[in-house]
Amino acid sequence: MSALEEAVRREIEEVHRFFVEWFNGTARRSDFDSRFADRLDPEMVFVSPDGNRPDRTALLAGIRQAHGANPGFRIAIRDVKLLRDLGEALLVSYTEWQRGARSSARGENARFTTLVITKPPFRWLHVHETWLPEAGRAAGSFDF
């Protein structure tokens, strides 16, 4: 793995570590901007696995409101791949495995994510999540 790929993997894992701590209620509310919101480009696009597209303001408000709402929540990030260097940005994919997710139809779920992110310093430009099909979920492990 190249140094850039390693840095991208660490960035993705850090954002998801924040999500776990935030939803568990262990992250400090004062860290919301520095650990998450400041990473998102002002024009950032997010597409949820269900096809919803909240704007940045709605996305941040929903997450901010959910502090401590899911104490048993866990995430594992797997299969981070740098797909393409786009010049100033990178096209990346990874899978996100969740346990204890109260806001999803399934408490144990998995999603394939495509991310467009600037080169360091990282800014998240576009995130598109898609549910993994049952065969993909069954082939993985929720033992984390």
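Residues numbered from 1 in each chain as written. Predicted model: local features only at pLDDT ≥ 70, side-chain atom pairs only at ≥ 80, totals over all residues. Heavy atoms only, no water.

What about the overall build of the protein?
Heads up, the condition is: Going along the chain from the N terminus, every DSSP run of H or I of four or more residues is numbered as a helix, and every run of E of two or more is numbered as a strand. To get the radius of gyration, use the C-alpha atoms; to get the globule rule, take the number of residues to the power 0.38 and multiply by 2.2 Å. The buried label applies to any residue whose accessible area, calculated with a 1.4 Å probe on protein chains only, is under 20% of its type's maximum; exposed applies above 50%, and partly exposed to all values in between. The contact definition used throughout considers only heavy atoms, calling two residues in contact when any of these lie within 4.5 Å. Working definition of accessibility: Shrake-Rupley area with a 1.4 Å probe, residue cover restricted to the visible protein chains.
Secondary structure assignment for the protein yields 4 helices and 5 strands. Counted from the first residue to the last, the protein has its helices and strands arranged as α-α-β-α-β-β-β-β-α. For 144 residues, the compact-globule estimate of 2.2 N^0.38 gives 15 Å, and the protein sits close to it at 15 Å. Scored against the burial criterion, the 144 residues of the protein give a buried share of 44%. Intrachain contacts of the protein at a sequence separation of at least 6 include 56% that bridge at least 24 residues. Summing over all exposed atoms, the protein offers an accessible surface of approximately 7700 Å²; the carbon and sulfur share of this is 51%.

Quick word on the pairing of strand 3 (residues 89–99)
In plain terms, the rule: A pair of strands counts as paired when DSSP detects no fewer than two bridges linking them.
The buried count for strand 3 comes to 9 of 11 residues, which makes it a mostly enclosed element. In terms of strand pairing, strand 2 (residues 74–85) meets strand 3 through 9 bridges, oriented antiparallel. If you follow Arg84 over to strand 3, its bridge partner there is Leu91. Counting the residues that bridge the hairpin from strand 2 to strand 3 gives 3 residues, and of these Gly87 lies at a positive phi of roughly 100 degrees. When strand 3 meets strand 4 (residues 109–118), the two strands line up antiparallel, connected through 10 bridges.

Observations concerning helix 1 (residues 3–24)
Stated precisely, the cut-off is as follows: In this scheme, a helix's expected span is set at 1.5 Å multiplied by one less than its residue total.
Between its first and last C-alpha, helix 1 extends 31 Å over 22 residues, near the 32 Å set by a 1.5 Å rise per residue. If you check which residues of helix 1 are buried, you get Ala7, Val8, Glu11, Ile12, Val15, His16, Phe18, Phe19, Val20, Trp22, Phe23 and Asn24. Gly25 occupies a position one or two residues after helix 1 and carries a positive phi of about 90 degrees.

Section: unusual backbone geometry
Negative phi characterises most residues that are not glycine, and trans characterises most peptide bonds. The linkage connecting Pro120 with the following residue, Pro121, adopts the cis geometry, with an omega of 0 degrees. Here Pro121 is to be found in the loop between strand 4 and strand 5 (124–131).

Remarks on the environment of Pro71
By the element assignment, Pro71 lies in the loop between helix 3 (56–65) and strand 2. A C-alpha to C-alpha distance of 26 Å links Pro71 and Glu134, two positions 63 residues apart in sequence. Sequence-distant contacts of Pro71, that is, excluding residues within four places in its chain, are made with Phe23, Asn24 and Arg102.

A look at the sheet that holds strand 1 (residues 40–47)
Stated precisely, the cut-off is as follows: Structural elements are reduced to axes, namely lines fitted to C-alpha atoms, with helices fitted over the stretch in contact, and the angle between N-to-C directions of any two is expressed from 0 to 180 degrees.
Here 5 strands make up an open sheet; going across it, the order is 1-5-4-3-2 and the pairing mixed. On the outer flanks of this sheet lie strand 1 and strand 2, each paired with one strand and no other. Adjacent strand axes in the sheet meet at a mean angle of 20 degrees when their direction is disregarded. Packed on one face of the sheet, helix 1 meets strand 2, strand 3, strand 4 and strand 5 and runs near 150 degrees to strand 2.

None of this, on its own, says anything about what the molecule does.
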